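Residue-level structural notes
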Amino acid sequence: MLMSNSDRPARLHYMANGFRVLTPGDHVTCAISGARIAIEDLRYWDVASQRAFASATLAAEAMAPR
């Protein structure tokens, strides 16, 4: 039986040049804004903290030195 990944969060392992799907799904959640990010639209993440971001601006904000 095929299972649909629609409306289901994915669990990913973020690496320097990509990510590995640990649990299939159709989206991840932005660590800053809480917005849903479709897997095919995911472009920004932090390998060290294993967090995804919805935009370059949010990623830069999250990784800026404090």
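As the structure is a prediction and not an experimental result, all values here were calculated from the model.

Within the element layout of this structure, D46 appears in strand 5 (residues 44-46). Of the side chains with opposite charge, R51 comes closest to the buried, unpaired D46, at an N-O distance of 4.7 Å. Polar contacts involving the side chain of D46 include one to the main-chain amide nitrogen of A48, which spans 3.3 Å. A polar contact of 2.7 Å, which involves the side chain of D46, links it to the side chain of S49.

Enumeration according to the criterion identifies three aromatic pairs in this entry. Seen in terms of ring centroids, Y14 and F19 are 6.5 Å apart; in terms of plane orientation they differ by 65°. Their pairing is edge-to-face. Residue F19 is classed as partly exposed on the basis of its relative accessible area, which comes to 26%. With a centroid separation of 5.8 Å and 25° between ring planes, the pair formed by Y14 and W45 is classed as stacked. Residue Y14 is located in strand 1 (residues 11-15), and its partner W45 is located in strand 5; the two are separated by 31 residues in the primary sequence. Linked through ring pairs, Y14, F19 and W45 together constitute an aromatic cluster.

Definitions and limits used
Residues numbered from 1 in each chain as written. Predicted model: local features only at pLDDT ≥ 70, side-chain atom pairs only at ≥ 80, totals over all residues. Heavy atoms only, no water. Helix = DSSP H or I, 4+ residues; strand = E, 2+ residues; numbered from the N terminus. Buried < 20%, exposed > 50% of the residue type's maximum accessible area, 1.4 Å probe, protein only. Lys, Arg positive; Asp, Glu negative; His and termini not counted. Salt bridge = Lys/Arg side-chain N within 4 Å of Asp/Glu carboxyl O. Polar contact = N/O pair within 3.5 Å; in protein donor to acceptor, adjacent residues only side chain to side chain. Phe/Tyr/Trp six-rings, centres within 6.5 Å; stacked < 30°, edge-to-face > 60°.

By themselves these figures say nothing about function.
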